[in-house]
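These are the residues of each chain, in order.
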Amino acid sequence: MKNFSLKQSRQLFERAKAVIPAGIYGHQNPGFFVEGEFPTFLSKAQGCRVEDPDGNRYIDLLCAFGPMVVGYRNEMVEAAAMAQAAATDVGNLPAPVMVELAEKLVAITPGADWAVFAKTGSDVTSWSLAIARETTGRDLIVMVDGAYHGVHGWCNLRHRGFPAAERALVLNLPWNDLDAARKLFVADGHRIAGLITTPFRHEAGADSVMPAEGYLQGLRQLCSESGSLLIVDDVRAGFRMHMGGSTQTLGVTPDLLLYAKALSNGRALSAMLGANRTRKAVEDVFVTGTTFTQAEPMAAALATLQQLESLDAIAFMERIGRRLCDGLQQRATAAGLAVTLSGPAAIPFMTFAADQGSFVRSRSFAAAWARAGVFVHPYHNWFVSAAHQDQDIDEALAAAEQAFAATALAHGPDQ
Ligand code: PMP
């Protein structure tokens, strides 16, 4: 590999700062990575590999924060998208592909009778609240404390720029605490329009936490008993745990299911799915957008779903993710470092026990792994894809040996 340099990245970021507030806003700002140790821009992507403007190449285990699920520039997805774009894309009216995609999603999703489309995860999380309120005629929404559902006022975790009044009708619940949920429903059940949850707890800056036994089933029951809607935000986990919605791994069917990210392998598309009970509300609530019915991402989504099915991608990603996690665990132990691998195998995350939440070793490790040719995030969970092959994982693990050694050298092995 050529010498690792970030000169072009640094120069581009200086230019960016002059004309774009913060240079890069949101979660891609260098401050969210290890500043000065990661590229600030990426200029090429193919399969499971990405390249930065300095020509450094990486095996990508962040997958664009989730969207890349069958490989960057996947041939079949690109061909379908290009053919659709050549025919029609954003138009006066939707293209027929919208019907095909809705039919496909309804066919593969237990409990879904309809699908509607938007662009971002935030679009559909906020839209789902309106559908829950319109369906039930109630006003309260329950969400898990600290959960990420996007950037709109009702759930923005930073709170700045959005008045507290926007959160006034949102109640918070601790994750995995069914007793707390029961109490809340006893007190306010008659006012709760919907409870929104992710299939597992995956906030940045913490180990992922799977649902405790009976927890999601218990929430399902509480919602059913009180006439509230269970909304599953599958924006991040969707199509990496189950093709019919991630909570199907536990036999839990939500009233509203929300997708974005992996649905179209990275093109701008999100979806909300539901049953006939909520159909009228979707007809009555006026939500739309100039590009919500854009055809190209829908063609990409159909091709992505076909690829996921024909590659048996859920089982494949589980296997390849397990190989990655086991390999990391082994190599960390060999380097004298205790690590915790959490989350489903296809959406893994790793922290260092000795960090005790400081992420000091996580930062060293992520920076050293990037230098050795693997792109992950120190604070945010990672993703594997159907484009990662065994040899990619082996290469990433060989590079991890160097990264663990560098981390042990910088901070000492655990006592
Ligand atoms: N919900 C979850 C669970 C997410 O992970 C995200 C994005 N990380 C969102 C909602 C918001 O999606 P978007 O960034 O497309 O608005």
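Look up: the structure comes first, before these words.
From a predicted model like this one, the values you see are computed outputs, not experimental measurements. (Residues numbered from 1 in each chain as written. Predicted model: local features only at pLDDT ≥ 70, side-chain atom pairs only at ≥ 80, totals over all residues. Heavy atoms only, no water.)

*Asks:* Got a minute to help me understand the overall build of the protein chain in this structure?
*Replies:* A count of helices and strands for the protein chain gives 11 helices and 13 strands. For the protein chain, whose C-alpha radius of gyration is 22 Å, the value lies close to the compact-globule estimate of 22 Å for 415 residues. Within the protein chain, the proportion of its 415 residues that are buried is 54%. The long-range fraction of contacts in the protein chain, counting pairs at least 24 apart against all pairs at least 6 apart in sequence, stands at 75%. (Helix = DSSP H or I, 4+ residues; strand = E, 2+ residues; numbered from the N terminus. Rg over C-alpha atoms; globule rule 2.2 N^0.38 Å. Buried < 20%, exposed > 50% of the residue type's maximum accessible area, 1.4 Å probe, protein only. Contact = heavy atoms within 4.5 Å.)

*Asks:* Could you clarify how one ought to interpret the sheet that holds strand S13 (residues 374–375) in this entry?
*Replies:* Sheet strands pair by backbone hydrogen bonding; their relative direction is either parallel or antiparallel. Taking strand neighbours across the sheet as the criterion, the 4 strands line up as S1-S2-S3-S13 in an open arrangement whose pairing is mixed. Sheet topology places strand S1 (44–46) and S13 at the edges, where each strand pairs with a single neighbour. Strand direction decides the pairing type here: strand S3 (residues 57–60) and S13, joined by 2 bridges, are parallel. Bridge pairing links Asp-60 to Phe-375 in S13. Where helix H11 (residues 390–411) meets the sheet, it contacts strand S2 (49–51), S3 and S13, and its direction lies at approximately 115° from that of S3. (Pairing = 2+ DSSP bridges. Axes fitted to C-alpha atoms, helices over the stretch in contact; angles between N-to-C directions.)

*Asks:* So what exactly am I meant to see when it comes to the site of the ligand here?
*Replies:* Around the ligand, the surrounding shell consists of Thr-120, Gly-121, Ser-122, Tyr-148, His-149, Gly-150, Thr-198, His-202, Asp-233, Val-235, Arg-236 and Lys-261. A distance of 2.7 Å is found between an oxygen atom of the ligand and a backbone nitrogen or oxygen belonging to Gly-121. Expressed as a share of its isolated accessible area of 390 Å², the protein-covered part of the ligand is 82%. Grouping the constituent residues of the shell around the ligand by class yields 2 nonpolar, 7 polar and 3 charged. (Near = heavy atom within 4 Å. Polar contact = N/O pair within 3.5 Å; in protein donor to acceptor, adjacent residues only side chain to side chain. Areas by Shrake-Rupley, 256 points an atom, 1.4 Å probe, with all protein chains shown as cover. Nonpolar A, V, L, I, M, F, W, Y, C, P; charged D, E, K, R; others polar.)

*Asks:* Where do I start with helix H6 (residues 215–226) in this structure?
*Replies:* Note on helix geometry: an α-helix contains 3.6 residues per turn, so any two residues three or four positions apart are oriented the same way. With 12 residues, H6 extends 17 Å between its outermost C-alpha atoms, agreeing within 8% with the 16 Å of an ideal straight helix rising 1.5 Å per residue. Of the surrounding secondary structure, the elements contacted by the buried residues of H6 are strand S5 (140–144), strand S6 (170–173), helix H5 (178–188), strand S7 (192–197) and strand S8 (229–233). Positioned one or two residues after H6, Gly-227 has a phi angle of 75°, which is positive. (Expected span 1.5 Å × (residues − 1).)

*Asks:* When you look at the packing of aromatic side chains in this model, what are you seeing that I'm missing?
*Replies:* Any aromatic ring pair is given by two values, namely how distant the centres are and how the planes are angled relative to each other. Per the stated rule, a full pass over the model turns up 16 aromatic pairs. With a centroid separation of 5.5 Å and 80° between ring planes, the pair formed by Tyr-58 and Phe-375 is classed as edge-to-face. Taken together, the residues Tyr-58 in strand S3 and Phe-375 in strand S13 connect sequence positions 317 residues apart. In terms of burial, Tyr-58 and Phe-375 fall into one category: buried. Taking the centre distance of 5.7 Å and the plane angle of 55° together, the rings of Trp-369 and Trp-382 count as tilted. (Phe/Tyr/Trp six-rings, centres within 6.5 Å; stacked < 30°, edge-to-face > 60°.)

*Asks:* I tried to follow the nonpolar core on my own but got confused; where do I start?
*Replies:* Nonpolar side chains in soluble globular proteins tend to end up buried together. Of all hydrophobic cores here, the largest spans 88 residues; its most connected members are Leu-105, Phe-239, Leu-328, Trp-369 and Phe-404. Take this core: its biggest share by element is 9 residues, from helix H8 (residues 295–310). Sequence-distant contacts of Trp-369, that is, excluding residues within four places in its chain, are made with Leu-61, Leu-324, Leu-328, Val-374, Val-376, Trp-382, Ala-396, Ala-399, Ala-400 and Ala-403. Membership of the second largest hydrophobic core comes to 44 residues, among which are Ala-147, Leu-178, Leu-216 and Val-252. (Core = buried A, V, L, I, M, F, W, Y, C linked by side-chain atoms within 4.5 Å.)

*Asks:* Help me understand the sheet that holds S5 in this model?
*Replies:* Strand order in this open sheet of 7 strands is S4-S10-S9-S8-S7-S5-S6, and the pairing throughout is mixed. Because the sheet does not close on itself, it has two edges, and the strands there are strand S4 (114–118) and S6. Neighbouring strand axes in the sheet, compared pairwise and without regard to direction, differ in orientation by 20° on average. Judged from the 4 bridges that link them, S7 and S8 form a sheet pairing that is parallel. Paired with Ile-196 across the bridge in S8 is Ile-231. Those strands touched by helix H3 (residues 97–108) are S4 and strand S10 (270–274), and its axis lies near 125° from that of S4. Here H6 sits on the sheet in contact with S5, S6, S7 and S8, set at roughly 140° to S8.

*Asks:* It is not clear to me how the side chain of Asp-60 should be interpreted in this structure. Could you clarify?
*Replies:* Examined against the element boundaries, Asp-60 turns out to sit in strand S3. Looking at Asp-60, its side chain comes within polar contact range of the main-chain nitrogen of Leu-62, at 2.8 Å. Those residues in contact with Asp-60 that sit more than four places away from it in its chain are Cys-48, Val-50, Tyr-72, Phe-375 and His-388.

*Asks:* Explain unusual backbone geometry here, please?
*Replies:* Most peptide bonds take the trans form, and the phi angle of most residues other than glycine is negative. Non-glycine residue Phe-65 carries a positive phi angle of around 70°. With respect to the helices and strands, Phe-65 occurs in the loop between S3 and helix H2 (75–87). Within the chain, Asp-312 stands out as a residue other than glycine whose phi angle is a positive 45°. Its location among the elements puts Asp-312 in the loop between H8 and helix H9 (313–334).

*Asks:* Would you mind showing me how to read the pattern of salt bridges here?
*Replies:* Where side chains of opposite charge bring their charged atoms close, a pairing between them can arise. Enumeration according to the criterion identifies 22 salt bridges in this entry. Arg-57 serves as the salt-bridge partner of Glu-51, at 3.8 Å between the closest nitrogen and oxygen. The buried category is assigned to Glu-51, whose relative accessible area is 18%. Two residues, Glu-78 and Arg-267, come together in a salt bridge whose shortest N-O distance is 3.2 Å. Separated by 189 residues along the polypeptide, Glu-78 in helix H2 and Arg-267 in the loop between strand S9 (256–259) and S10 bring together distant segments of the chain. Judged on exposure class, the residue Glu-78 and its partner Arg-267 are both buried. (Salt bridge = Lys/Arg side-chain N within 4 Å of Asp/Glu carboxyl O.)

*Asks:* Can you help me understand the pairing of S4 in this one?
*Replies:* Across the 5 residues that make up S4, a large majority, 5, are buried. Alternating residues of S4 divide into Trp-114, Val-116 and Ala-118 and Ala-115 and Phe-117, and every residue in both groups is buried.

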